[in-house]
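Report on the structure
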Amino acid sequence: MQSETTITPNISFEEYKDQILRDYKIALTSRECSLLGRREVLTGKSKFGIFGGGKELPQLAMARVFRDGDFRSGYYRDQTFMMAIDQYNVEQFFAGLYAHTDIEKEPFAAGRQMGGHFATHSLNEDGSWKNLTKQKNSSSDISPTAGQMPRLLGLAQASKVYRNEKSVSEHTNFSINGNEVAWGTIGNASTSEGLFWETVNAGGVLQVPMVISIWDDEYGISVHAKHQTTKENISLVLEGFRRDEKHDGYEIIVVNGWDYPALVDAYETAEDLAREQHIPVIVHVKELTQPQGHSTSGSHERYKSEERLNWEREHDCNKKFKEWIIDHNIATADELLELEKSCKKAVRQGKNNAWNAYISEIKEEQKQALIRLEAVENKSANKNFISPLVRTLADKDEPIRKDILEATRRTLRYLIKEDFAEKTALQNWINNYIAEIQPKYSDHLYNDFDSNATKIKEVKPEYTDNAETVDARVILRDNFDQIFSRVPESLIFGEDSGKIGDVNQGLEGLQQKFGEIRVSDAGIREATIIGQGIGMAMRGLRPIAEIQYLDYILYCIQGLSDDLATLRYRTFAKQKAPLIVRTRGHRLEGIWHSGSQMGGLIHLLRGIHILVPRNMTKAAGFYNTLLDSDEPAVVVECLNGYRLKEKMPSNLSEIRTPLGIVETVKEGSDITLISYGSTLRLVEQAAKELLSVGINAEVIDVQSLIPFDLTHDIVKSIAKTNRVLVIDEDVPGGATGYILHKLIDEQNIYQYLDSEPQTLSAQPHRPAFGTDGDYFSKPSTEDIFEKVYEIMNEVNPSNFPRLR
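Here, residues in each chain are numbered from 1, in the same order as that chain's written sequence. Where local features are concerned, this predicted model is filtered to residues with pLDDT of at least 70; where side-chain atom pairs are given and counted, the filter is 80 or more; whole-chain, interface and lining totals use all residues. Side-chain measures here rest on the full set of heavy atoms in the structure, leaving out hydrogens and waters.

Attention now moves to the side chain of Glu 546. Runs of E in the DSSP output that reach at least two residues are strands. Runs of H or I that reach at least four are helices, and both are numbered from the N terminus. Inspection of the secondary structure puts Glu 546 in strand β12 (residues 542–547). Pairs of N or O atoms within 3.5 Å make up the polar contacts considered here, provided that, within protein, one atom can donate a hydrogen while the other can accept it, and that residues adjacent in sequence are counted only when both atoms are side-chain atoms. Looking at Glu 546, its side chain comes within polar contact range of the side chain of Arg 582, at 2.9 Å. Of the polar contacts made by the side chain of Glu 546, one reaches the side chain of Arg 584; its length is 2.7 Å. Those residues in contact with Glu 546 that lie beyond four places of it in its chain are Ile 492, Phe 493, Gly 494, Glu 495, Ser 497, Asp 502, Leu 507, Ile 529, Arg 582 and Arg 584. A contact between two residues is defined here by any heavy atoms of the two lying within 4.5 Å.

Here you go:
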């Protein structure tokens, strides 16, 4: 039986009726989209569909209390919610299903994500921020289970920062006194993921205004809750997080997903606690159904009993909602029947409109391709081979772009030995077509606007005659001090970052100066440290998330790779999160303290700048450059460099280390040696020792792996030396393989080489512990010296006889 709780605030019955019927209309529309969407997949117009059927009612209740400035961090079942906050319509639903590449037609991802992945636009056309307090906001969804949870934590923490930190009190485009709530949604099965538990724990510790809704239909794809959750009940398991008189924690609300008035009450309570008191809330919505199963990949009849299926039919939230409306004399059955008919008609019309908008573009491209193809067909001596390609393309009533390029590019093979104007026209058309279409699928991985970090000019450090020589960590500390003074929205957090000023004292005394909000400690929970950073960066703050050592970044690689690295790309440059990740690596010792995962990072984190400064002055300059820009980056400081001595620059806050620019630290004529980070010091030492045997090596510091040598200075060095060796401490084929790819495929160094390009990396295993373990696992100065000598021995054995 549904709750009898009144949901009528001080409004007339007609206004109340209009509210209820609007909700019912949205529920009907959403369900009809799901039903028709499945059909579009099964008929081949879409590749895959995953829908929100069965979750309509709680999403309507949540939408009632979702305000301007609030943020959603959810998953792919929330289509009803997005419709209810007027950020989603029928045509956009089907545009997403068809992967329409027009951002105006498919505003969430321009076809780059499968349907059901939602996002609002946080940025203007020039990449600048919109006023986020004047709109309802949804952070861009990702498919990985529970991957939205860490970001939710950061979105909520931003409100706490804006409410309590005076330095950002005037940032009213992002917050009004921290009154915004972050609303998270997750399926019951996904609460099995570690990211969920890490987020719940962190949210309870931080006491941030977030509401987590758990949509519980008792299944995770085909797997029942008895295989997912202790006691088969997630809210029972979460009881230890419930707040009481002595302890902070969560308010936990349990409600049935088919009980409309109870759902409205539940979400009004959750909103009040979160918005007014910054108390986190968990709403466990039980007894939901999934009438179409998990996705279009299969049918739930395969794994649900007939008893369960009958129960789901009876407890379908839309059916229960209809019964409640009739029972409470809000509308008659006949009135609702007419509403149902009109919704079905509207959805069918919206589908047709979306399909016509999608296919008409491609059919026009098909038409233009056929004009060029028919022209060469009639002119070519190979007409008999070309005609089938032309006819195949012409016969396609519903072409895709792959069809167009297959036909046109294959045709060129039959024209290789022919030369006429129509062939040239076809070649030009193909090249222009690819140039026009490829960006629809590939651009915006990095910042395309004027705020691009690579446009920030280098400012070199300057030194007075009596410049003080200090521990390198002091340069970082003083630079962070100046950053926090001049950039009010900047803040830093991580394990040991606060009270003790980080494990290497690079933040010494800064918490006492700037307070616990700006410089704070975090628990041992790397995934949510990154989530804090992503969410806060999406709301206009400039967070620096500290991962204590590079090895620990593996704990949060999923969030960095799937969420942060893809954000600008997957939203077609409509959202950004300029998070800076600070960590330490290079030349560590031991299997789990090697600090050498660069190959993994550069391949998994495309979309994030990866910077590898050789000293702390360079690192300070990178932080300054990044804060002048709005792009995410990982800065890997040299762990063994904090106690080394460096001169204190007189223009510390003005230093800007450029991204994508290499530095020649020693000139030479015989061979080019390329490295980065701590290993560069070994290369420099080896280069000095090589002079004693008549080898003059040029040494280049890469400085940044992503972006890499944008001005192609390395090829200029190789053109002079005609030889190259790339050295690092990563596994073979890791970062050195990446660097060689850049040099060979992009800089065309092969034309200047007199010797084969070579690499020198670590052994293919994690390093052994101890000084000897390091020596036998990673390149040493002796290894570098002998490798270079070996190359020169091959060039001139008489001048460089065999060493050993």
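Once that is clear, we can look at helix α14 (residues 421–442). Expected helix span is computed as 1.5 Å times (number of residues minus one). Here α14 is 22 residues long and its end C-alpha atoms lie 31 Å apart, about the 32 Å a rise of 1.5 Å per residue gives. Relative accessibility thresholds used throughout: buried, under 20% of the residue-type maximum; exposed, over 50%; partly exposed, between the two (1.4 Å probe, protein chains only). Taken as a whole, α14 has its buried residues at Lys 423, Leu 426, Trp 429, Ile 430, Tyr 433 and Ile 437. Considering only its buried residues, α14 is in contact with α11 (333–379) and α13 (401–413).

Turning our eyes to something else, we now look at the packing of aromatic side chains. Two aromatic rings from Phe, Tyr or Trp, using only the six-membered ring of Trp, form a pair when their centres are within 6.5 Å; if the ring planes differ by under 30 degrees the pair is stacked, by over 60 it is edge-to-face, and anything between is tilted. Taken as a whole, this structure holds 34 aromatic pairs when the rule is applied. Taking the centre distance of 5.5 Å and the plane angle of 75° together, the rings of Tyr 775 and Phe 776 count as edge-to-face. For Phe 776, a relative accessible area of 61% puts it in the exposed group. An aromatic cluster of three or more residues is present, and its members are Phe 51, Tyr 88, Phe 93, Phe 94, Tyr 98, Phe 108, Phe 118, Trp 355 and Tyr 358. Here, over-ring charges are defined by two tests on the NZ atom of lysine or the CZ atom of arginine: distance to the ring centre within 6 Å, and angle to the ring normal within 35 degrees. Positioned above the aromatic ring of Tyr 219, the side-chain terminus of Lys 304 is 5.1 Å from the ring centre. The ring of Trp 258 is capped by Lys 320, whose NZ or CZ atom sits 5.0 Å from the centre of that ring.

A few words now on the packing of helix α4 (residues 90–98) against α11. Here α4 crosses α11 at 45°, and the two axes come no closer than 8 Å. Here α4 is positioned oblique relative to α11, judged by the angle of their axes. The two elements α4 and α11 meet at a crossing, and its hand is right-handed. Between α4 and α11, the residues in contact are Val 90, Glu 91, Phe 94, Ala 95 and Tyr 98 and Ala 346, Val 347, Gly 350, Lys 351, Asn 353, Ala 354, Trp 355 and Tyr 358, respectively. Three classes are used: nonpolar for Ala, Val, Leu, Ile, Met, Phe, Trp, Tyr, Cys and Pro, charged for Asp, Glu, Lys and Arg, and polar for all others, with Gly counted as polar. For the contact of α4 with α11, a count of residues per class yields 9 nonpolar, 2 polar and 2 charged. Only C-alpha atoms enter the line fits that serve as axes; for helices the fit covers just the stretch in contact. Angles between N-to-C directions range over 0 to 180 degrees. Here the angle decides the label: under 35 degrees means roughly parallel, over 145 means roughly antiparallel, 65 to 115 means roughly perpendicular, and every other value means oblique. When the near helix sits turned anticlockwise from the far one by under a right angle, the crossing is termed left-handed; a clockwise turn instead gives a right-handed crossing.

To summarise the sheet geometry, strands pair through backbone hydrogen bonds and adopt either a parallel or an antiparallel arrangement. At least two bridges found by DSSP between two strands is the condition for calling them paired. Taken together, the 6 strands give an open sheet; going across it, the order is β2-β1-β3-β4-β8-β7, and neighbouring strands pair in parallel fashion. Two strands bound the open sheet, and with one partner strand each, they are β2 (137–138) and β7 (251–256). Packed onto the sheet, helix α2 (residues 56–64) meets β3 (182–187), β4 (210–215) and β8 (281–286) and runs at close to 170° relative to β4. Against the sheet, helix α6 (residues 194–206) touches β3, β4 and β8, its axis set at about 150° to β4.

Below, the discussion takes up the pattern of salt bridges. The salt bridge definition used is simple: a Lys or Arg side-chain nitrogen within 4 Å of an Asp or Glu carboxyl oxygen. Using the criterion set out here, one finds 59 salt bridges in the structure. One salt bridge in this structure joins Glu 306 and Arg 313, with 3.4 Å as the shortest N-O distance. Across the pair Lys 460 and Glu 458 runs a salt bridge whose closest N-O atoms are separated by 3.2 Å. The class for Lys 460 is exposed, based on a relative accessible area of 54%. Three or more residues are tied together by salt bridges with common partners; here these are Asp 502, Glu 546, Arg 582, Arg 584 and Glu 637.

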